[in-house]
Amino acid sequence: MNLSPGLLLRDFRLVDETLDMPGSVWIEQGVIQDVFPQGATLPETRLPMHRTIHGGGTLVLMPALVDLHAHFRDPGYPEKETLESGSLAAVAGGYGTVVCMANTKPVIDTLAKAKTLKKRADALGLVDLYPVLALTQGMEGKVLSDIHLLKGPLSKTEPWIRMLSEDGKDVVSDELLYRALQEAHRLGIPVSCHCDAGGPEAEEAKAAGKPREFWSRIAENHATQRVIERARQAQGHVHIAHVSTKESVDLIRKAKGTQQEKTGPQGFTLTAEASPHHLCLTHGTAHALGDATWGRVNPPLRTEVDRQALIEAVLDGTIDAIATDHAPHTEADKLQGAPGFTGLETSFALCQMELVLQDRITLSRLSALMSASPARILGLTDRGRMAPKFRGDLIVVDTEAAWQVNPDLFRSRGKNSPVPGLPCTGRVLITIYQGRVVFESFLSHDS
Ligand code: NCD
Ligand code: ZN
Ligand code: ZN
């Protein structure tokens, strides 16, 4: 039951994937009831008890962000992140929905473990969390996880499971991967694929002592090709996680082209995500941070050619969504070489600066990439847009706010940002979850 009073958001620039206009929004019972264009008479005196937030005509109101890929490290690694710290980081970054990967301790490989996590997240009431189920027991790549025991389609029986993934590694066995994809197809949900399982050429280069940036590229390209082929056979929906090389982009573009030709039994669904760090940074940043420590991430930060190819792929729709791959680690773990960057609290600003302020895409398109499209990939038809009947998950953004990344101020326990000290433009001031304000930046009072 949602007992929060109504919320009137007055005089905003309203932005979603198809909208960019001045207006106001009325939320009640956690759901958007009305979207009023500027100039419409607001029935304010007839509205029940409510709070009003004023946008002053310049602040942006957008759908809350939807993250297809985060690591909350819960259970098992509270020194890196917990459900609580991860959820607080998510709302501070403007997220209303987060998919959490299964590489925890223990691995989320049963319905019971996933359900416990979901219940705990719901009790916090900050963000709608979707645990992924691992493809194999313990992510050991030997025996299928619970997925073959589940009844499909999952959207009917277990609607809080929307994605399967072995993220952190790949399922090496072709046969097991094929069976997992078939189960996912039967269950009607996508499999997010990490894509760095080497192949002989990458293994040879690795054994010969070639640098990581050399063999990891061969590995990503090989793995991407492999899961596309397996998905073609299994007919499932494969989602490629954290795409980083130009060659992978080309493979995905080509495969999507054939998919569009609807070649009968060849038909399958292919979607792909890019991370803010691969869209905005290159290996120069990794070198400066320390290739084996603070700059280490899977896949590694690549060249400017790769980065531009990723941006092109965002422009032509080859990349469907932006996902953080929020991967918090402790300082000690980073110094030992743990790969990954904390990312939930900087993703909006990084993408806005790189893509919108550089005039590559509009704010509406960024909203599509960070809200509507990831919601569609998850089959969540009730969010990611700003229209009546959609969830009251919205964010207030000051697109001009200047601030500086200070990991010490992150809600996330992971301070391993690749951009500490970076001057940023654009900030999430308020996050609204089902009509309730769950985050308010102190900066909103400064501006
Ligand atoms: C992730 C992690 O730390 O769990 N690390 C990373 O470098 N991206 C795993 C992953 O996303 O592959
Ligand atoms: Zn991964
Ligand atoms: Zn990941």
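The following refers to the structure shown. Quantities reported herein were computed from a predicted structural model and do not represent experimental measurements.

What follows covers the overall build of the protein chain. The helix and strand tally for the protein chain stands at 14 helices and 16 strands. Taken over the C-alpha trace, the protein chain has a radius of gyration of 21 Å; the compact-globule value for 447 residues is 22 Å, and the two agree within 12%. Projected onto its principal axes, the C-alpha coordinates of the protein chain cover approximately 70 × 50 × 45 Å. Expressed as a percentage of its 447 residues, the buried residues of the protein chain come to 60%. Here the contacts in the protein chain between residues at least 6 apart in sequence split such that 76% fall between residues at least 24 apart. As displayed, the protein chain has an accessible area near 17500 Å², and 53% of this comes from carbon and sulfur atoms. Of note, the protein chain has its 47 positive side-chain charges centred 4 Å away from the centre of its 54 negative side-chain charges.

So, about the packing of aromatic side chains. The final tally for this structure, using the stated rule, is zero aromatic pairs. When the ring centre of tryptophan 215 is taken as origin, the NZ or CZ atom of lysine 206, which lies over that ring, is 4.5 Å away. In this structure, arginine 385 packs its charged tip against the face of phenylalanine 390, placed 5.9 Å from the ring centre.

Further remarks concern helix α10 (residues 304-316). For α10, which comprises 13 residues, the first-to-last C-alpha distance of 18 Å matches the rise-based estimate of 18 Å (1.5 Å per residue) to within 8%. Among the residues of α10, Asp306, Arg307, Ala309, Leu310, Ile311, Ala313 and Val314 are the ones counted as buried. Backbone geometry just downstream of α10 places glycine 317 in the positive-phi region, at approximately 85°.

Next up on the list: the nonpolar core. Among the nonpolar cores identified, the biggest contains 112 residues, and Phe72, Ile161, Leu164, Ile240, Leu279, Phe348 and Leu366 are the most heavily contacted of them. It is helix α12 (residues 347-356) that provides the largest number of residues to this core, a total of seven residues. Three or more residues apiece are contributed to this core by two domains, here domain 1 (7-62 + 393-440) and domain 2 (63-377). Apart from the residues within four sequence positions on either side, leucine 366 is in contact with Ile322, Phe348, Cys351, Gln352, Leu355, Val356 and Ile361. Formed by 19 residues, the second largest nonpolar core is a distinct cluster that contains Leu14, Val25, Ile32 and Leu59.

Contacts to ligand 1 come from 15 residues, most closely from Arg73, Asp167, His194, Asn298 and Asp325. Between ligand 1 and the protein, one listed contact pairs an oxygen atom with a side-chain N or O atom of histidine 71 at 3.3 Å. For ligand 1, an oxygen atom lies 2.9 Å from a polar atom in the side chain of histidine 194. When ligand 1 is considered free in solution it has 320 Å² of accessible area, and contact with the protein chains removes 95% of it. Counted by class, the shell around ligand 1 contains three nonpolar, nine polar and three charged residues.

At the metal site, the zinc ion (ligand 3) is ligated by His69 (NE2), His71 (NE2), Asp167 (OD) and Asp325 (OD), and these contacts range over 2.0 to 2.3 Å. A separation of 3.7 Å is found between the zinc ion (ligand 3) and the zinc ion (ligand 2), which are bridged by aspartate 167. With a gap of 158 residues between them, aspartate 167 in the loop between β9 (164-165) and α4 (174-187) and aspartate 325 in the loop between β13 (321-322) and α11 (331-335) connect regions that are remote in the sequence. Residue aspartate 167 is classed as buried on the basis of its relative accessible area of 3%. Classification of aspartate 325 by relative accessible area gives buried; the value is 7%.

On to helix α9 (residues 283-294). Between the first and last C-alpha of α9 there are merely 12 Å, a value that for twelve residues lags more than 12% behind the 16 Å anticipated at 1.5 Å per step. Ala286, Gly290 and Thr293 are the residues of α9 that are buried. Along the long axis of α9, the arc covered by the buried residues comes to 165°, so they all point the same way.

Glancing now at the coordination of the zinc ion (ligand 2). The protein atoms that coordinate the zinc ion (ligand 2) are Asp167 (OD), His194 (ND1) and His242 (NE2), at distances of 2.0 to 2.1 Å. Spacing between the donor residues of the zinc ion (ligand 2) along their common chain follows D-x26-H-x47-H.

As a further point, take the side chain of threonine 282. Along the polypeptide, threonine 282 turns up in the loop between α8 (276-280) and α9. A relative accessible area of 18% places threonine 282 in the buried class. Non-local contacts of threonine 282, meaning those with residues more than four positions away in its chain, are made with Leu301, Arg302, Thr303, Glu304 and Arg307.

Strands sit in the order β9-β10-β11-β12-β13 across an open sheet of five strands; the sheet is parallel. With partners counted over all chains shown, the strands left at the sheet margins are β9 and β13, one partner each. By the bridge criterion, two bridges tie strand β12 (residues 269-274) to β13 in an arrangement that is parallel. Within the sheet, the bridge partner assigned to glutamate 273 lies in β13 and is alanine 321. Packing against the sheet, helix α6 (residues 212-234) makes contact with β10 (191-193), β11 (237-240) and β12, and its axis sits at approximately 165° to β11.

Thresholds applied
Residues numbered from 1 in each chain as written. Chains lettered and ligands numbered in written order. Predicted model: local features only at pLDDT ≥ 70, side-chain atom pairs only at ≥ 80, totals over all residues. Heavy atoms only, no water. Helix = DSSP H or I, 4+ residues; strand = E, 2+ residues; numbered from the N terminus. Rg over C-alpha atoms; globule rule 2.2 N^0.38 Å. Buried < 20%, exposed > 50% of the residue type's maximum accessible area, 1.4 Å probe, protein only. Contact = heavy atoms within 4.5 Å. Areas by Shrake-Rupley, 256 points an atom, 1.4 Å probe, with all protein chains shown as cover. Lys, Arg positive; Asp, Glu negative; His and termini not counted. Charge placed at Lys NZ, Arg CZ, Asp CG, Glu CD. Phe/Tyr/Trp six-rings, centres within 6.5 Å; stacked < 30°, edge-to-face > 60°. Lys NZ or Arg CZ within 6 Å of the ring centre and 35° of its normal. Expected span 1.5 Å × (residues − 1). Core = buried A, V, L, I, M, F, W, Y, C linked by side-chain atoms within 4.5 Å. Domains from an automatic or database assignment. Near = heavy atom within 4 Å. Polar contact = N/O pair within 3.5 Å; in protein donor to acceptor, adjacent residues only side chain to side chain. Nonpolar A, V, L, I, M, F, W, Y, C, P; charged D, E, K, R; others polar. Donors = N, O, S within 2.8 Å, 3.2 Å for Na, K, Ca; no water. Arc of directions from axis to C-beta. Pairing = 2+ DSSP bridges. Axes fitted to C-alpha atoms, helices over the stretch in contact; angles between N-to-C directions.

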